[in-house]
Amino acid sequence: MALQAASLVPAAFSIPKEGKSSVSLKDSSLFGISFSDYLKVDSSSSALRSKRDFNQRVGAVRAQIAPTTTPAVNRAAPESKKTLRKGSVIITGASSGLGLATAKALAETGKWHVIMACRDFLKAERAAKSAGISKENYTIIHLDLASLDSVRQFVDNFRQSGRPLDVLVCNAAVYYPTAKEPTFTAEGFEQSVGTNHLGHFLLARLLLDDLNKSDYPSKRVIIVGSITGNTNTLAGNVPPKANLGDLRGLAGGLNGLNSSAMIDGGDFDGAKAYKDSKVCNMLTMQEFHRRYHEETGITFASLYPGCIATTGLFREHVPLFRALFPPFQKYITKGYVSEEDAGKRLAQVVSDPSLTKSGVYWSWNKDSASFENQLSQEASDAEKARKVWEVSEKLVGLA
Ligand code: LMG
Ligand code: NDP
Ligand code: PMR
């Protein structure tokens, strides 16, 4: 089984390739409405309260937007430039789309070694090769997030590699928008929440020890979120909407037998399951922050990189959707971002010295400058975050 082949093979190929042309984000507005940062502010959320504190401190006028200048991908702090050792970053799902583009952006700086944590070893090897990532800048280690045994095996294999861990990027995801019936992970959890949330939850929990041992100046855990899980946005209001309800399905194990396959206990809907999983990702990031940031100094953050309408995420969607979605996002919503530019954004969150704030959700404005964005009420609900955490740790065998 592929799982047993969990390999630890250093990269062996290096073929340089021209970068793709990038698309710059202009005005992200449709019919006069700004989509990139239109936000309903929920004054009861704790995220807002902490943001307010932050904004009061920095004297920002707008509560939800604290733009930073667009920094170079790996602009090292001047004093550390010469002495800093190469950073070591694990990126899950680095075999395509955003993960691959981020691996490329980081590797190209020469300042990062990327551990590509991928379920298809050969695909990852080919992807690294065709992206032109030099062999000394990456290692592929097998990881199938849809199997908790594989997650544990990955952690063992990573430890055996002897490399330090400075940054973990939880990027991999699956999306089944047209599935009529749920499919399940090795442990019998509905596939999208099982992979996108539970697999990453176990991975990040196990790797905290490794991050703690790192002597790197800025240690980070980044979990990729999305606008479509946030119902304070137009995109988050396209049905079906994310909603975790009272977590009865999650508590029942999402197995579709004696419990619903959906977190809220409702009927299966693949698009909703994906959006729910992204809400779990964003809640998990904040709960990590509350539990571990002060004690460990690790930065926990999430982000919405923009709509990367061309990636493999939409592989299960109907052909008409795949054909229309990129032009729709490019010319109508203007929320489109190329894989290359999205990779640079995530690479900033990994490595930029100015993006060390913990517990935040980053987005980018029309000038491609990063800003701290406002999560929806549900995605910033501290009580729900705690419950998701507690139920999840039972499901993955940590409690
Ligand atoms: C659904 O299918 C599944 O049914 C559902 O179960 C779930 O899985 C869901 O979230 C996943 O997917 C997807 C299908 C359903 O969507 C599509 O195929 C449409 C995708 C969106 C693409 C829209 C194409 C519009 C045409 C763009 C052409 C590009 C032209 C570029 C050049 C422009 C030059 C100026 O469909 C839907 O979800 C609804 C689709 C309805 C399509 C309507 C498109 C209109 C877009 C306009 C924006 C809306 C703004 C409203 C204001 C209008 C004011 C005039
Ligand atoms: P892709 O499908 O291109 O990439 C997803 C990656 O996840 C692939 O490398 C895939 O591996 C990997 N993966 C899937 N299942 C598993 C598994 N069980 N174990 C290990 N790896 C797995 O999609 P994107 O690049 O678009 O998605 C990356 C992230 O960005 C996701 O978290 C997504 O939610 C997020 N995102 C994407 C947006 C977009 O517009 N595309 C917008 C907002 C957020 P393989 O190559 O083997 O299939
Ligand atoms: Mg959405 C107005 C801005 C906007 C943005 C930024 C997105 C992002 N979308 C927007 C609007 C709309 N979308 C509108 C008006 C519609 C109705 C036509 C629409 C439809 C739509 C569909 C059917 N959009 C989608 C789908 C998907 O299947 C995608 C999805 O929900 O995946 C979970 C999707 C997305 N839209 C986005 C983004 C970023 C996605 C996909 C990726 C993700 O959230 O990870």
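In every chain, residue numbers begin from 1 and rise along the written sequence. Both sets of labels track the order of writing: A upward for chains, 1 upward for ligands. Per-residue local features of the predicted model are confined to residues with pLDDT of at least 70, and side-chain atom pairs are confined, for both listing and counting, to 80 or more; whole-chain, interface and lining totals are unaffected and use all residues. Only hydrogens and water are removed before side-chain values are computed, so all heavy atoms of the structure are retained for them.

As recorded by an unreviewed UniProt entry, the chain carries the name NADPH-protochlorophyllide oxidoreductase and is attributed to Quillaja saponaria. UniProt's Function (unreviewed entry) comment on the chain is quoted here verbatim: "Phototransformation of protochlorophyllide (Pchlide) to chlorophyllide (Chlide)." UniProt positions are given in the numbering used here, feature names are shortened, and annotations may be inferred rather than shown by experiment. The chain has a UniProt comment under Pathway (unreviewed entry) that states "Porphyrin-containing compound metabolism; chlorophyll biosynthesis."

Caption draft 1: Region of the structure containing the packing of aromatic side chains. For this analysis, a ring pair means two rings from Phe, Tyr or Trp (six-membered ring only for Trp) whose centres lie within 6.5 Å, classed as stacked if their planes differ by under 30 degrees, edge-to-face if by over 60, and tilted for the remaining angles. Within this structure, the stated rule accounts for eleven aromatic pairs. With a centroid separation of 6.2 Å and 90 degrees between ring planes, the pair formed by Tyr 175 and Phe 314 is classed as edge-to-face. Of this pair, Tyr 175 sits in the loop between strand 7 (167–170) and helix 5 (191–213) while Phe 314 sits in the loop between strand 9 (299–303) and helix 8 (319–333), and the two are 139 residues apart along the sequence. The pair formed by Tyr 175 and Phe 314 is uniform in burial state, with each residue classed as buried. Relative to Phe 300, the ring of Phe 288 has its centre 5.2 Å away and its plane inclined at 10 degrees; by these criteria the two rings are stacked. Here Phe 288 is found in helix 7 (residues 270–296), whereas its partner Phe 300 is found in strand 9, with twelve residues between them in sequence. Among the aromatic residues, those joined into a ring-pair cluster are Tyr 175, Tyr 274, Phe 314, Phe 321 and Phe 325. For a ring to carry a charge above it, either NZ of a lysine or CZ of an arginine must fall within 6 Å of the ring centroid while also lying within 35 degrees of the normal to the ring plane. Over the face of the ring belonging to Tyr 336 we find Lys 330, whose NZ or CZ atom lies 4.8 Å from the ring centre. Strands here are runs of E lasting at least two residues and helices are runs of H or I lasting at least four, both read from the DSSP assignment and numbered beginning at the N terminus. Exposed residues in this analysis have more than 50% of their type's maximum accessible area, buried residues have under 20%, and partly exposed residues fall in between, with area computed by a 1.4 Å probe over protein chains only.

Caption draft 2: Broad picture of the environment of Asp 381. Relative to the assigned elements, Asp 381 resides in the loop between strand 11 (370–372) and helix 10 (382–395). A relative accessible area of 28% places Asp 381 in the partly exposed class. Along the primary structure Asp 381 and Ser 150 are separated by 231 residues, whereas in three dimensions their C-alpha atoms are 31 Å apart. Pairs of N or O atoms within 3.5 Å make up the polar contacts considered here, provided that, within protein, one atom can donate a hydrogen while the other can accept it, and that residues adjacent in sequence are counted only when both atoms are side-chain atoms. Within the structure, the side chain of Asp 381 is placed 3.0 Å from the backbone nitrogen of Lys 384, a separation counted as a polar contact.

Caption draft 3: Representation of the site of ligand 3 within the structure. The near set for a molecule or strand comprises every residue that places at least one heavy atom within 4 Å of it. Among the 20 residues in the neighbourhood of ligand 3, the closest are listed as Tyr 175, Ser 226, Thr 228, Tyr 274 and His 317. One of the side-chain N or O atoms of Tyr 274 is found 2.4 Å from an oxygen atom in ligand 3. His 317 places a side-chain nitrogen or oxygen 3.2 Å from an oxygen atom of ligand 3. Those elements giving two or more residues to the shell around ligand 3 turn out to be helix 7 and helix 8. Ranked by residue count, the leading element in the shell around ligand 3 is helix 8, at five residues. Three classes are used: nonpolar for Ala, Val, Leu, Ile, Met, Phe, Trp, Tyr, Cys and Pro, charged for Asp, Glu, Lys and Arg, and polar for all others, with Gly counted as polar. Across the shell around ligand 3, the residue classes break down as 14 nonpolar, five polar and one charged.

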